[in-house]
Amino acid sequence: MLSYMDYVQKAFYKATAWNEDNSYANLTATARALLDFHTPRGLNIHLSSLSSPNFATSYTLANLGVVDGSVSYLYSSLPLSNVEKSKDVDLHDVVQGYRQLQHLTTPEDKLLWEVWQGGVRVDKRDSLLYGRMYLPTSTLEMLYLRRRSPKTQLRICAVSDAKLKNGGTILAMIQQDVGKWATEYLYSTSEGLIGARGLYNFGYNPQSSLTEDSDTTSPVEAPRLPIGRLSMGAEVYYGLLNKSGGMSTAIRYTTLPGNPGPPLTMTLTISPLMGHLSTTYAIKAGPNAAFCSRLDFNIYSYESDLVVGCELWKKRTEQDNTTTTTTTTTVTPSSALLSQGQDMVELNPTTTTTNENDDVTGVFKARWTQSLGLGLLWEGRVKHLLLSLGANIDFRRREGIIKGVGVEVQYSS
């Protein structure tokens, strides 16, 4: 389950219309969500609050042999009205699962971002600043996001820790997304690492469709949207200090809304220098079930690993749906209305219903791998709390097959 600050960061992406799925880094996001989910260990308590539309705080307390925790603060120049409390948030927004990609869209024209007053340009770029301190180690981490234009975004991450070389590290990244393709350029102070990533989507181009529509004066039919998308990308990086580099390439096919069959995603990732090959296949067998498998193989050592996993969502019962309440609001007319002889205002009863998209109460996840054994996780909502219960089991061990059990509790207001 996403932490509160990660959830707020995703809300910032939505508010600024940034498509985080159109990135080479998230090419295998579906497989990672279904197979590499985190299982809590020990007891973890998170208390968070959005004190204002621009400011959020979060406090964490963990007990795993040693009591530790963290304090987090986040500021957004853009008011985030799409952040919900833990009792109201849609579980699909905080639980990472099968990711159904949407059709590509064209970023807004940068001229629409300009605001002029008295011949002077006064518009500002939306930005987000996040900081976190871990206790008692006093480790600091920072994140700075800034939307430079409808197509570009600046991202700076930093970590300060006495155990790290030079006391910390900084990672700066320029991201560009034009819809049809996306690029990322990064630099890290750790080993003087420089790198570049790119992703290209074959087929439908939303920008060319808009151009064709604007060139013709006669009414035209809406372009036929594809039912699938083939994407291909690559990354290269080189360390200036250690004189070493690397590269990888990947390809993905995924179905889009409108596909007559079940949603599915297939990926193939190759790292030529390391000789590593990974292929994944994920399918959403129904509205409440998804399955995924991954095969890793190294052509140099002939080592391989097979991972399979699934997620099963629990729907709301009819008894849960009847918890909606009907309230009648009465407004007393002001003295000005009474003096004018107007009748009393009556409002129709309003019914508070459950969000149609949030029709689930929890999700059960399971994975099995040859190297790590069995992992189990349940995530859901109980009253006003978000709960995560997880365990890792290794059947190869004769004693103590349960390697770790944990509970995570989140509350936000």
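Note: the structure precedes this text.
These numbers come from a predicted model, not from an experiment.

**Student:** Any chance you could explain the overall build of the protein here in plain terms?
**Tutor:** Secondary structure summary: the protein contains six helices and 23 strands in total. Expressed as a percentage of its 413 residues, the buried residues of the protein come to 37%. Contacts in the protein between residues far apart in sequence, at least 24 positions, make up 53% of those at least 6 positions apart. For the protein, the accessible surface area stands at approximately 23600 Å², while carbon and sulfur atoms represent 58% of it.

**Student:** Explain the pairing of strand 8 (residues 152-160) here, please?
**Tutor:** When a strand is regular, its side chains alternate between the sheet's two faces. Across nine bridges, the pairing between strand 7 (residues 139-149) and strand 8 is antiparallel. Across the sheet, the residue bridging to Arg146 is Leu154, located in strand 8. In sequence, strand 7 turns back onto strand 8 through a hairpin of two residues. The pairing of strand 8 with strand 9 (residues 168-177) spans nine bridges and is classified as antiparallel. If you follow Cys157 over to strand 9, its bridge partner there is Leu171.

**Student:** Explanation requested: empty space enclosed by the protein in the structure shown.
**Tutor:** Empty space among the atoms becomes apparent when a probe as large as a water molecule is rolled across them. Per the stated rule, a full pass over the model turns up two cavities of 30 Å³ or more. For the largest cavity, the calculated volume is near 110 Å³. Around the largest cavity, the lining comprises 16 residues; the ones closest to its centre are Leu27, Ala29, Thr30, Arg252 and Thr265. Of all the elements in the fold, those that place two or more residues in the lining of the largest cavity are helix 2 (29-35), strand 13 (244-255), strand 14 (264-271) and strand 15 (276-286). Looking at side-chain class alone, the lining of the largest cavity contains six nonpolar, seven polar and three charged residues. Taken as a whole, the second largest cavity holds about 70 Å³ of empty space. Forming the walls of the second largest cavity are 13 residues, and the residues nearest its centre are Tyr4, Val94, Leu386, Gln410 and Ser412. Looking at the lining of the second largest cavity, the elements that each hand over two or more residues are helix 1 (4-15) and strand 23 (402-412). Top element by residues in the lining of the second largest cavity is strand 23. It accounts for three residues. Across the lining of the second largest cavity, the residue classes tally to seven nonpolar, four polar and two charged.

**Student:** Hey, could you run me through the packing of aromatic side chains in this one?
**Tutor:** In this description, a pair of aromatic rings is defined by centroid distance and the angle of the planes. On inspection of all chains with the given rule, the structure shows four aromatic pairs. Their ring planes at 80 degrees and their centres at 5.1 Å tell us that Tyr200 and Phe202 sit as a pair that is edge-to-face. Look at Tyr200 and you get partly exposed, because its relative accessible area is 36%. When its relative accessible area of 40% is taken as the criterion, Phe202 is described as partly exposed.

**Student:** What exactly am I supposed to notice about the pairing of strand 20 (residues 360-369) here?
**Tutor:** In terms of burial, strand 20 is largely enclosed, as eight of its 10 residues are buried. As paired elements, strand 17 (residues 304-315) and strand 20 share nine bridges and run antiparallel to each other. Each residue of the ladder has a partner; that of Gly309, found in strand 20, is Arg367.

**Student:** Looking at this model, I keep getting lost on helix 1. Mind explaining?
**Tutor:** Residues that lie three or four places apart on an α-helix share one face, since the helix turns once every 3.6 residues. Taking 1.5 Å per residue as the helical rise, helix 1 with its 12 residues ought to reach 16 Å, and the 16 Å between its terminal C-alpha atoms agrees with that figure. Across the 12 residues of helix 1, nine count as buried, placing the element largely inside the fold. For helix 1, every residue scored as buried is listed here: Tyr4, Met5, Tyr7, Val8, Gln9, Lys10, Ala11, Phe12 and Tyr13. Positioned one or two residues after helix 1, Ala17 has a phi angle of 60 degrees, which is positive.

**Student:** Would you mind going over the nonpolar core with me for this structure?
**Tutor:** Nonpolar side chains in soluble globular proteins tend to end up buried together. Tyr4, Leu74, Val83, Val94 and Leu128 are the most contacted members of the largest nonpolar core, which has 25 residues in total. Going through the elements one at a time, helix 1, helix 3 (91-94), strand 6 (127-135), strand 7 and strand 20 are the ones with two or more residues in this core. With seven residues, helix 1 is the largest single contributor of residues to this core. Other than its neighbours up to four places away in sequence, Leu74 contacts Met5, Val8, Asn54, Phe55, Ala56, Leu128, Leu129 and Tyr130. Core analysis: the next-biggest nonpolar cluster, separate from the first, contains eight residues, Ala31, Tyr98, Cys292 and Val307 among them.

About the cut-offs
Residues numbered from 1 in each chain as written. Predicted model: local features only at pLDDT ≥ 70, side-chain atom pairs only at ≥ 80, totals over all residues. Heavy atoms only, no water. Helix = DSSP H or I, 4+ residues; strand = E, 2+ residues; numbered from the N terminus. Buried < 20%, exposed > 50% of the residue type's maximum accessible area, 1.4 Å probe, protein only. Contact = heavy atoms within 4.5 Å. Areas by Shrake-Rupley, 256 points an atom, 1.4 Å probe, with all protein chains shown as cover. Pairing = 2+ DSSP bridges. 1 Å grid on protein atoms, 1.4 Å probe; cavity = no way out; pocket = protein on both sides within 12 Å on 5 of 7 lines; lining within 4 Å. Points joined across faces, edges and corners; volume = space filled by probe spheres on them. Nonpolar A, V, L, I, M, F, W, Y, C, P; charged D, E, K, R; others polar. Phe/Tyr/Trp six-rings, centres within 6.5 Å; stacked < 30°, edge-to-face > 60°. Expected span 1.5 Å × (residues − 1). Core = buried A, V, L, I, M, F, W, Y, C linked by side-chain atoms within 4.5 Å.

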